[in-house]
Amino acid sequence: MGQTSLQQLVFLSSLLICTTNQASLTVSLSSSQMFEGQSVSLSCEEDDSSAGWTLRRNTTRDTRTQCGAEWGQSAGSSCDISYIFPWDSGVYWCESREGATSNTINITVTGGPVILQSPVLPVMEGHDVTLRCKTETSSNLPAGFYKDGSFIRTEPEGHMTIRHVSRSDEGLYKCHISSVGESEPSWVTVTGKPTTTYSPPTEAPPPVTEAPPPACAHLHLMHRLFYHLGVFCPYCISTFIMVFLYRHRATGNDRPVSMAMTPPTQADKGLDDEYDDVIAVVTTEHHF
C-alpha cells in the first residue's frame, strides 16, 4: 500500500513538472557575443505565470546562482544586467519552483576589440544565417571567417551569409579583422525541421455517380411505407382470422359416421322389383 502511494506521488510530481515546462529564454541582443560594458536583458517567456520562473546561470566563478542574488536585477521573470563583464560569460536558463527548465543560452563577453555576431538560438535547418564580424565602432570592415579552425573565405563587408543551412554547417565559428584582432569562437547550432508523417490512401475512393437523396426524400419514403402498412395490415389480419375461424368450425362439425347397415324392408324390396321390371322393358323395346 505504501509503495503504491509512493509511486502515485512520483507520477503526480513528474506530471506537474512536465506541465510547467513551458518557458523559453530570450535575450535582448541578437548575438551570443558581447562587448564588455554593454547592457542586456534576459526574459523567461512563459505560458504559466504561476510557475514562478527565475533566471539562473553557470559561470567560471559560480554555479546555479539566481538573478538578483549576486548578479543582475530581477524584475519578475526577467533579469537586467546594466553593465556586463567578461566573468558574466556562461550558460543562462529559466527554472521554475518545481525544477522545470527552459532552453539554455550561451553568452560570451569579451574585452577584446572584435566580436562575432552569431545567432543566440538554434537555426532551423533550411533557413539562412548571417554571421557578422564587427568592432565597437564598425561592422563593415573586411573580415575572414573560420569554421572549426579551418578558413572559409574573406568577406569584404564583414558579414557572411550561409544559405539553406544543414546539419553539416553546425560548428564553431570565429572571425578575424586584419590589423584589429580576432573574435572569440561561438558555436552555431542547427536543428532539424519538424517532420509530419503523411500516409497516402491505399486505394482511391469510389466515384460518386449520383448525389445522395436529401433528407426530405427519406421522410417521404418512410411516409409511404407506413401508409401501405396501415392499409394492408388490417386486411391481412382479418384474412388470417377468417381462415382460422373457418378451419375451427370445419373441425368442430366433423362427427363420426356409423357404418352399420339396416336390412331392407318389404316396401323397399317391392320398389326394387318394380325398378328391375322397368329396366327390362326399356331394354326390350330398344332391341326390337
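Keep in mind the model is a prediction, meaning the values are calculated, not measured.

## Some thoughts on the packing of aromatic side chains
Logical step 1: Applying the stated criterion across every chain, the model contains four aromatic pairs.
Logical step 2: With 4.4 Å between their ring centres and 10 degrees between their planes, F85 and W87 make a pair best called stacked.
Logical step 3: What makes F85 partly exposed here is its relative accessible area of 27%.
Logical step 4: W87 gets classed as partly exposed once you look at its relative accessible area, which sits at 37%.
Logical step 5: Residues Y146 and F151 carry aromatic rings whose centres are separated by 5.4 Å and whose planes lie at 65 degrees to one another, so their mutual orientation is edge-to-face.

## A word on a nonpolar patch on the surface
Logical step 1: A contiguous nonpolar surface patch, about 280 Å² in accessible area, is contributed by I237, I241 and L245.
Logical step 2: Here I241 shows up in helix α2 (residues 215–253).

## Quick notes on the state of the cysteines
Logical step 1: Under the definition given, this model contains three disulfides.
Logical step 2: A disulfide bridge connects C44 with C94, and the sulfur atoms are separated by 2.0 Å. Taking the torsion about the sulfur-sulfur bond, which here is approximately -105 degrees, the covalent link between C44 and C94 counts as left-handed. Pair noted here: C44 is in strand β3 (residues 40–46) and C94 is in strand β8 (residues 90–95), with a separation of 50 residues, a long-range link.
Logical step 3: By relative accessible area, which is 0% here, C94 ends up buried.
Logical step 4: Assigning the bonded cysteines of the chain consecutive numbers by sequence position, one obtains the connectivity 1-4, 2-3, 5-6.

## Comments concerning the layout of surface pockets
Over the atoms, a rolling probe the size of a water molecule traces out where space has been left empty.
Logical step 1: Taken as a whole, the largest pocket encloses approximately 260 Å³ of empty space.
Logical step 2: Taken together, 17 residues line the largest pocket, and the ones lying closest to its centre are N106, P119, V120, W187 and T189.
Logical step 3: Put simply, the parts of the chain that give the lining of the largest pocket at least two residues each are β9 (101–110) and β18 (186–188).
Logical step 4: Here the lining of the largest pocket gets four residues from one element, more than from any other, and that element is β9.
Logical step 5: When its residues are assigned to classes, the lining of the largest pocket shows 10 nonpolar, seven polar and no charged.

## Section: the environment of S150
Logical step 1: With respect to the helices and strands, S150 occurs in strand β14 (residues 150–155).
Logical step 2: When its relative accessible area of 44% is taken as the criterion, S150 is described as partly exposed.
Logical step 3: In this structure the C-alpha to C-alpha distance between S150 and K174, which are 24 residues apart in sequence, comes to 9.8 Å.

## Let's talk about unusual backbone geometry
Excluding glycine, most residues fall at negative phi; most peptide bonds, likewise, are trans.
Logical step 1: Positive phi outside glycine occurs at R64, with the angle close to 55 degrees.
Logical step 2: Locating R64 in the fold gives a position in strand β5 (residues 63–66).
Logical step 3: Given the relative accessible area of 41%, R64 is considered partly exposed.

## Overview of the sheet that holds strand β6 (residues 73–75)
Logical step 1: Read from one edge to the other, the open sheet built from four strands follows the order β1-β3-β7-β6, with strand pairing classed as antiparallel. On the outer flanks of this sheet lie β1 (23–27) and β6, each paired with one strand and no other. The mean inter-strand angle of the sheet, taken between neighbouring strand axes irrespective of direction, is 20 degrees.
Logical step 2: Bridging between β6 and strand β7 (residues 78–81) involves three bridges; their strand directions are antiparallel. Bridge pairing links S74 to C79 in β7.

What counts, and at which threshold
- Residues numbered from 1 in each chain as written.
- Predicted model: local features only at pLDDT ≥ 70, side-chain atom pairs only at ≥ 80, totals over all residues.
- Heavy atoms only, no water.
- Phe/Tyr/Trp six-rings, centres within 6.5 Å; stacked < 30°, edge-to-face > 60°.
- Buried < 20%, exposed > 50% of the residue type's maximum accessible area, 1.4 Å probe, protein only.
- Patch = residues over 30% accessible without salt bridge, like charges linked within 9 Å, V, L, I, M, F, W, Y side chains within 5 Å.
- Areas by Shrake-Rupley, 256 points an atom, 1.4 Å probe, with all protein chains shown as cover.
- Salt bridge = Lys/Arg side-chain N within 4 Å of Asp/Glu carboxyl O.
- Helix = DSSP H or I, 4+ residues; strand = E, 2+ residues; numbered from the N terminus.
- Disulfide = S-S within 2.5 Å.
- 1 Å grid on protein atoms, 1.4 Å probe; cavity = no way out; pocket = protein on both sides within 12 Å on 5 of 7 lines; lining within 4 Å.
- Points joined across faces, edges and corners; volume = space filled by probe spheres on them.
- Nonpolar A, V, L, I, M, F, W, Y, C, P; charged D, E, K, R; others polar.
- Pairing = 2+ DSSP bridges.
- Axes fitted to C-alpha atoms, helices over the stretch in contact; angles between N-to-C directions.

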